[in-house]
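Residue-level listing of the chains:
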Amino acid sequence: MHADEFGFGTQIRKSPYFDATVRWGAQGFSVYNHMYIPRDFGDPEQNFWNLVNDAILCDVAVERQVEITGPDAARFVQMLTPRNLSKMAVGQCKYILITNAEGGILNDPILLRLAENHFWISLADSDILLWAQGVAVHSGLDVQLREPDVSPLQLQGPKSGEIMRALFGDSIMELKYYWLREVTLDGIPLVISRTGWSSELGYEIYLRDSAHGDMLWERIMASGMEFGLKPGHTSSIRRIEGGMLSYHADADINTNPYELGLDRLVDLDMEADFIGKAALKRIAATGVQRTQVGLIVGGEPLKGPNTRFWTINHAGKAIGKVTSAIYSPRLERNIALAMIAIEHAGIGTELEVVPPSGPVTATVVERPFYDPKKSLAAA
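What you see is a predicted model, and the numbers here were worked out from it, not measured in a lab. (Residues numbered from 1 in each chain as written. Predicted model: local features only at pLDDT ≥ 70, side-chain atom pairs only at ≥ 80, totals over all residues. Heavy atoms only, no water.)

S.K.: Help me out: how do you make sense of the sheet that holds strand β12 (residues 180-185) in this one?
M.R.: Whenever strands of a sheet pair, they do so through backbone hydrogen bonds, lying parallel or antiparallel. Taking strand neighbours across the sheet as the criterion, the six strands line up as β12-β13-β14-β11-β3-β15 in an open arrangement whose pairing is mixed. The sheet is open, and its two edges are formed by β12 and β15 (229-232), each paired on a single side. Across the sheet, the mean angle from the axis of one strand to that of its neighbour is 25°, orientation sign disregarded. Pairing of strand β3 (residues 55-59) with β15, which is carried by four bridges, proceeds in the parallel orientation. Residue pairing in the sheet places Cys 58 in a bridge with Gly 232 of β15. (Pairing = 2+ DSSP bridges. Helix = DSSP H or I, 4+ residues; strand = E, 2+ residues; numbered from the N terminus. Axes fitted to C-alpha atoms, helices over the stretch in contact; angles between N-to-C directions.)

Dropping the structure here:
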C-alpha cells in the first residue's frame, strides 16, 4: 500500500517522520497517544543487535509534550508529581510519575525544564494534557497548558555519541545524562536531551517545527551511515532487559509507585502538596500487597512479546500476572516483568506461568536483567 493511503483515517495522527520511516523500511505500526509509531523494520532481533552494537534512529513523535508556562508553572508541575522538584535546575530532565488522588499512576514521563517558567512533560501513552487542564481549572494558579509542535526522535546505542559529534560538533559531548540543550541544525530548531527508552547511551532530539521532519530524519541518517546507524524502533528486548516500564502494560491507573519499587520518586516529607500525597502516605504506612518482580520463564524461546497478560500460579492458586515478556537473544533466556502477591516475591521462588502454549516454570530473579547500574546509559 502506498504511504499516502496507509491508515485508519485522520483521527490517528501521522508524525512528521512518517513518510521517511516508510521509505526506510517500516513495515508495521502501533498506535500510541493517538499517533502511529513504527514497530517493525523487519527482524526485531536484528533491531536489538543494531541498538546494542551500533545505533538506531527511532520515530518517537508519539511522545507528545504537555507544555506548561506562566508565573506559577513550577508550582503547578510540582502539584502533578510526588517527586521533589525543588532542586531541579533549568536545563535538567527528570523521570517522574504523575499520580491521581488515590496514588495511582497516570503516566511516567520525562520532565524537561527549558526555562524558569517553561516545562515540557514528555509523555508515555496516556492523555495527560486533559488531566493537567482539569487540575488547572480549580488550582487558582496562573499557568498556560498546550501541546506544542514538538516531535522527538530517539538516537540510541553505543555509537550515538559519535553520530551526535558528527552532527553538532565536539561541545555536544559535554551534555550530561538527564540534561538538555537548545540547538539548531541547518537552521532547524531542536532541543537535545541525554535520555531515551533503551538503557543504552542515547539522545532524544526534539524537533520544534514539524515542517522539517523529513529533512531532519534524512540528515541524521546520512551523518550516521559511517557509524552503522540503522532505522529502528524502540526495542522491547532491550527495555525489558533494562527493567523499563511500558505504561498500560507494567503500570496503570491502579498501580502505585511502591508496588513498582519506585519509592525514590516519592517524597512524602517535602512541604509542597501534590495530588495523591495523602493516599501515598497511607500506602507507605500500611505497605503493599503486591510487587513487581523479574522472572526467568522456562519453555521454548518466545517468538515475540506477549499480547495479553499471562496468569501466574503458586500451588495451584493465581497470585499475579506477567505484564511484559520477551526472549533475550543476548541472555538466551525468556525474561519477563510481572506483578505478583508480595509473599511470593522472594528471589529464587519458583512459580508457574501460563502462556497460550501451556504452563511453564518461572523463577523470580533480580531486575533489571542486564546492566543493573545503568552504566551504559549514564557513561
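S.K.: Can you walk me through the packing of aromatic side chains in this structure?
M.R.: The geometry of an aromatic ring pair comes down to the distance between the two centres and the angle between the two planes. Under the criterion given, the structure shown has eight aromatic pairs. Aromatic pair Tyr 17 and Trp 217: ring centres 6.5 Å apart, planes at 40°, arrangement tilted. Residue Tyr 17 is found in the segment before α1 (18-23), and its partner Trp 217 is found in helix α6 (residues 213-224); the two are separated by 200 residues along the sequence. Like Tyr 17, the residue Trp 217 is buried in the burial classification. Ring centres of Phe 18 and Tyr 36 lie 5.7 Å apart, and the angle between their planes is 50°; this geometry places the pair in the tilted category. Taken together, the residues Phe 18 in helix α1 and Tyr 36 in strand β2 (residues 35-40) connect sequence positions 18 residues apart. When its relative accessible area of 2% is taken as the criterion, Tyr 36 is described as buried. (Phe/Tyr/Trp six-rings, centres within 6.5 Å; stacked < 30°, edge-to-face > 60°. Buried < 20%, exposed > 50% of the residue type's maximum accessible area, 1.4 Å probe, protein only.)

S.K.: What is the right way to look at the environment of Arg 239 in this model?
M.R.: By secondary structure assignment, the location of Arg 239 is in helix α7 (residues 236-241). Remark: the alpha-carbon pair of Arg 239 and Trp 197, spanning 42 residues in sequence, is separated by 6.7 Å. For Arg 239, the residues in contact, after removing those within four places along its chain, are Trp 197, Met 244, Leu 245, Ser 246, Asp 250, Ser 324 and Leu 337. (Contact = heavy atoms within 4.5 Å.)

S.K.: Just checking my understanding: could you explain the side chain of Asn 33 for this structure?
M.R.: Of note, Asn 33 is situated in the loop between β1 (28-32) and β2. Setting aside its immediate chain neighbours within four residues, Asn 33 contacts Arg 13, Val 62, Arg 64, Leu 123, Ala 124, Asp 125 and Ser 126.

S.K.: Can you help me understand the nonpolar core in this one?
M.R.: Taken as a class, soluble globular proteins show a tendency for nonpolar side chains to be buried jointly. Counting 31 residues, the largest nonpolar core has Phe 168, Leu 190, Ile 192, Ile 205 and Leu 216 as the members making the most contacts within it. At the level of secondary structure, the elements contributing two or more residues to this core comprise β2, β3, β11 (151-156), α5 (160-168), β12, β13 (188-193), β14 (202-207) and α6. Counting residues in each nonpolar core, the second largest holds 23 residues, with Val 77, Ala 132, Val 135 and Ala 136 among its members. (Core = buried A, V, L, I, M, F, W, Y, C linked by side-chain atoms within 4.5 Å.)

S.K.: Quick question: what am I supposed to make of helix α2 (residues 44-53) here?
M.R.: What sets the pattern is the α-helix's 3.6 residues per turn: residues three or four places apart point alike. Along α2, the residues that are buried comprise Asn 47, Phe 48, Asn 50, Leu 51 and Val 52. Structurally, α2 contributes buried residues whose contacts are with β3, β11, β15 and α7. Looking at where α2 begins, the residue whose side-chain oxygen comes 2.9 Å from the main-chain nitrogen of Glu 45 is Asp 43. (Polar contact = N/O pair within 3.5 Å; in protein donor to acceptor, adjacent residues only side chain to side chain.)

S.K.: Which parts of the structure should I look at to understand the layout of surface pockets?
M.R.: It is the rolling of a water-molecule-sized probe over the atoms that shows where space remains empty. If you add up the space inside the second largest pocket, you get close to 260 Å³. Around the second largest pocket, the lining is made up of 17 residues, and of these Leu 302, Trp 310, Pro 355, Pro 356 and Ser 357 lie nearest the centre. A class-by-class count of the residues in the lining of the second largest pocket yields eight nonpolar, six polar and three charged. (1 Å grid on protein atoms, 1.4 Å probe; cavity = no way out; pocket = protein on both sides within 12 Å on 5 of 7 lines; lining within 4 Å. Points joined across faces, edges and corners; volume = space filled by probe spheres on them. Nonpolar A, V, L, I, M, F, W, Y, C, P; charged D, E, K, R; others polar.)

S.K.: How do you make sense of the sheet that holds strand β18 (residues 317-328) when you look at a structure like this?
M.R.: Taken together, six strands build a closed barrel; the order of strands is β16-β19-β18-β17-β20-β21 and the barrel is antiparallel. This sheet shows a mean twist of 40° between the axes of neighbouring strands, independent of strand direction.

S.K.: How do you make sense of the pattern of salt bridges when you look at a structure like this?
M.R.: Two side chains with opposite charge may pair up if their charged atoms get near one another. Under the definition given, this model contains 16 salt bridges. Across the pair Arg 13 and Glu 147 runs a salt bridge, and its minimum N-O distance is 2.9 Å. Residue Arg 13 is located in the segment before α1, and its partner Glu 147 is located in the loop between β10 (144-146) and β11; the two are separated by 134 residues in the primary sequence. Using a relative accessible area of 29% as the deciding quantity, one classes Arg 13 as partly exposed. Notably, a salt bridge pairs Arg 64 with Glu 147, separated by 3.2 Å at the nearest N-O pair. A residue pair is termed long-range when its members are at least 10 positions apart, and Arg 64 in the loop between β3 and β4 (65-69) and Glu 147 in the loop between β10 and β11 qualify at 83 residues. (Salt bridge = Lys/Arg side-chain N within 4 Å of Asp/Glu carboxyl O.)

S.K.: How should unusual backbone geometry be read in this particular structure?
M.R.: Working note: non-glycine residues mostly have negative phi, and peptide bonds are mostly trans. The omega angle of the peptide bond from Arg 367 to Pro 368 is 0°, so this bond is cis rather than trans. Inspection of the secondary structure assignment puts Pro 368 in the loop between β21 (360-365) and α9 (375-378). For His 34, which is not glycine, the phi torsion reads 60° and is therefore positive. Positive phi, normally seen in glycine, also occurs at Ala 315, with a value near 55°. Of note, Ala 315 is situated in the loop between β17 (310-314) and β18.

S.K.: Explanation requested: the environment of Leu 331 in the structure shown.
M.R.: Residue position: Leu 331 is located in the loop between β18 and β19 (333-341). With relative accessibility at 24%, the residue Leu 331 sits in the partly exposed group. Each C-alpha atom of the pair Leu 331 and Glu 241 lies 8.9 Å from the other, and the pair is 90 residues apart in sequence. Apart from the residues within four sequence positions on either side, Leu 331 is in contact with Glu 241, Phe 369 and Tyr 370.

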